[in-house]
Amino acid sequence: MKFNGIVFSGLPGAGKSALVQKLATRFGWPVFSAGGQWRKKYGELYPDHRITFEEYWRNIPVDEKIKFNDSVDEVYSEGKVVGDSRYPVNLRKLPLLLIFMTADLETRAARALALGKYGAADIDGIKSILSARENDEIKTGFDLFNYDYRDPNYYHLVLNSAKLSIDQEAKAIGSIVKP
Amino acid sequence: MDFNGIALAGVPGAGKSALAKKLAQIFNWQIISVGDLWRQRLHKSGNDKLMGFEEYWRQVPKDDNLAMDLQIEKIFAQGSVIGECRFAKHLQKYPLLLVFVTADIDTRAKYKMDKYGGKTAGEIKEILKLRESDELEVGRKLYGYDYRDPEIYHLVLNSAMMSLGEEIASVAGIVGKP
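About the cut-offs
- Residues numbered from 1 in each chain as written.
- Chains lettered and ligands numbered in written order.
- Predicted model: local features only at pLDDT ≥ 70, side-chain atom pairs only at ≥ 80, totals over all residues.
- Helix = DSSP H or I, 4+ residues; strand = E, 2+ residues; numbered from the N terminus.
- Expected span 1.5 Å × (residues − 1).
- Contact = placed C-beta atoms within 7 Å.
- Nonpolar A, V, L, I, M, F, W, Y, C, P; charged D, E, K, R; others polar.
- Buried ≥ 20, exposed ≤ 12 C-beta atoms within 10 Å, placed from the backbone.
- Arc of directions from axis to C-beta.
- Core = buried A, V, L, I, M, F, W, Y, C linked by C-beta atoms within 7 Å.
- Axes fitted to C-alpha atoms, helices over the stretch in contact; angles between N-to-C directions.
- Parallel < 35°, antiparallel > 145°, perpendicular 65-115°, else oblique.
- Left-handed = near helix turned anticlockwise from the far one by under 90°.
- Pairing = 2+ DSSP bridges.

Caption draft 1: Spotlight on helix H2 (residues 34–45) of chain B. Helix length check: H2 of chain B (12 residues) gives 17 Å between terminal C-alpha atoms against 16 Å at 1.5 Å per residue, within 8%. One or two residues past the end of H2 of chain B sits Gly46 of chain B, with phi positive at roughly 80°.

The following block contains the structure:
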């Protein structure tokens, strides 16, 4: 099968963005980030960060999330794109390589702490934020598509970023996708 | 990190053996299969006429299972090996690439049609499901973990969505050219 694009799902903090950037540069494809789009909307609605992004996302109505997911499908149907989409279940009909990124909670929290992603939160605080986000995402996956988005059977490949370097991850993908 | 061997685990019927054989050829490494070792042991015991492999493995004592895994571990520790194993977590301390192979049950039943000649897809599915739950139970009893947990492995390959060639390419991409 010839893949014409790559889509990443994965656990919060598992390193999707970094790998997406690396592959976009390598293939010369634009990046499409569903998470980034939601964050942009959040920034427009709550410039004062009155509520957290997690709270905002949790309270978006299911209909709006489904509509958003459909618009994402359109972007990917053109191919030549690398991006992230939490629930790429409907993208399986397209010639896209679907990848899930995982890593143990400890590693993800330590990484987020080093990057200063969650402000003043300490390691335990970050762990609870990440766990709460994962639970929200699991729940939304069931609400929207009645599936566990972490199930490896919905992806071509699951990469464990706690055990692989970003170069090894890029090599695994680069050996399959040849634009 | 440089890998000096590959350990393949996976749900029953997901295509570990075919992948192991191909990779062993490519890297020119020794190949081992824990499933085959158990089958040989059943054959030697002379009980292979009395019971099927599934039935035999289900009643293997805990100590025998642990001893077998220890024997396998010694081979993996030497490197230059590609092997199938059920429980790979204790192999994390070696420079081995740990791979889990998965596929949905319908696809796996289709793969096994030849092997279980004469059986219907429904019957094969039941056999595979039973084996998976046996393996799950032994994994929990022996080691206290779910062997399907992706966090144990470097990568998980879905053989229902990837060709054998793509699986090999991704593994060889990480391990490097032999």
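Following the structure, the description resumes.
Caption draft 2: Focus on the interface of chain A and chain B. At the junction of the two partners, chain A supplies 19 residues and chain B supplies 20 residues. Elements with a minimum of two residues in the side of chain A that touches chain B: strand S5 (157–160) and helix H7 (166–174) of chain A. Partitioned by chemical class, the residues of the side of chain A that touches chain B number nine nonpolar, seven polar and three charged.

Caption draft 3: Local environment of helix H1 (residues 16–27) of chain B. Residue and element names in this part refer to chain B. Here H1 spans 16 Å end to end across 12 residues, near enough to the 16 Å set by a 1.5 Å rise per residue. Buried within H1 we find Lys16, Leu19, Ala20, Leu23 and Phe27. Buried residues of H1 fall within an arc of 100° about the axis and therefore sit on the same side. Contact partners of the buried residues in H1: strand S1 (5–10), strand S2 (30–33), strand S3 (81–84), strand S4 (96–102) and helix H7 (164–175).

Caption draft 4: Main features of the nonpolar core. Judged by nonpolar contacts, the single largest core of 69 residues is most densely connected at Ile6 and Ile99 of chain A together with Ile6, Ala7, Leu98, Val99 and Leu155 of chain B. Beyond its immediate sequence surroundings of up to four residues, Ile6 of chain B is in contact with Leu23, Ile82, Leu96, Leu97, Val99, Val171 and Val175 of chain B.

Caption draft 5: Spatial organisation of unusual backbone geometry. Despite not being glycine, His49 of chain A has its phi angle at roughly 55°, a positive value. The class for His49 of chain A is exposed, based on 10 C-beta atoms found within 10 Å. Notably, Asn28 of chain B is not glycine yet its phi reads approximately 55°, a positive angle. By the secondary structure assignment, Asn28 of chain B is in the loop between H1 and S2.

Caption draft 6: Up close: the packing of helix H1 (residues 16–27) of chain A against H7 of chain A. All names here are of chain A. Their axes nearest at 10 Å, the elements H1 and H7 cross at an angle of 50°. Judged by the inter-axis angle, H1 sits oblique to H7. For H1 against H7, the interelement crossing comes out right-handed. Residues Ala18, Leu19, Lys22, Leu23 and Arg26 of H1 touch H7, and the partners they reach there are Ile166, Glu169, Ala170, Ile173 and Gly174.

Caption draft 7: Looking closely at the environment of Phe76 of chain B. Residues and elements named next belong to chain B. Relative to the elements of secondary structure, Phe76 occurs in helix H4 (residues 62–77). Overall, Phe76 belongs to the buried group, with 21 C-beta atoms counted inside 10 Å. Residues Phe76 and Val11, spaced 65 residues apart in sequence, show a C-alpha to C-alpha distance of 20 Å. When neighbours within four sequence positions are excluded, Phe76 is seen to be in contact with Gly5, Ala7, Val81, Gly83, Leu91, Tyr94 and Leu96.

Caption draft 8: Region of interest: the sheet that holds S5 of chain A. Overall, mixed pairing links the 10 strands, which are arranged S2(A)-S3(A)-S1(A)-S4(A)-S5(A)-S5(B)-S4(B)-S1(B)-S3(B)-S2(B) in an open sheet. Looking at which strands have only one partner, the edges of the open sheet turn out to be strand S2 (31–33) of chain A together with S2 of chain B. Taking each pair of neighbouring strands and ignoring which way they run, the sheet shows an average axis angle of 20°. Here strand S1 (residues 5–10) of chain A pairs with strand S3 (residues 82–84) of chain A via three bridges, running parallel. In the strand pairing of S3 of chain A, Ile6 of chain A is matched with Val82 of chain A. Lying over the sheet, H1 of chain B contacts S1, S2, S3 and S4 of chain B, oriented at roughly 175° with respect to S3 of chain B.

Caption draft 9: Here's a closer look at the packing of helix H5 (residues 105–114) of chain A against helix H6 (residues 123–145) of chain A. Residues and elements named next belong to chain A. As a packed pair, H5 and H6 sit with axes 9 Å apart at the nearest point and diverge in direction by 115°. Pair H5 / H6 crosses with right-handed handedness. Along its contact with H5, which presents Leu105, Arg108, Ala109, Ala110, Ala112 and Leu113, the element H6 presents Ile123, Ile126, Lys127, Leu130 and Ser131. When the residues that make up the contact of H5 with H6 are grouped by side-chain class, the tally is eight nonpolar, one polar and two charged.

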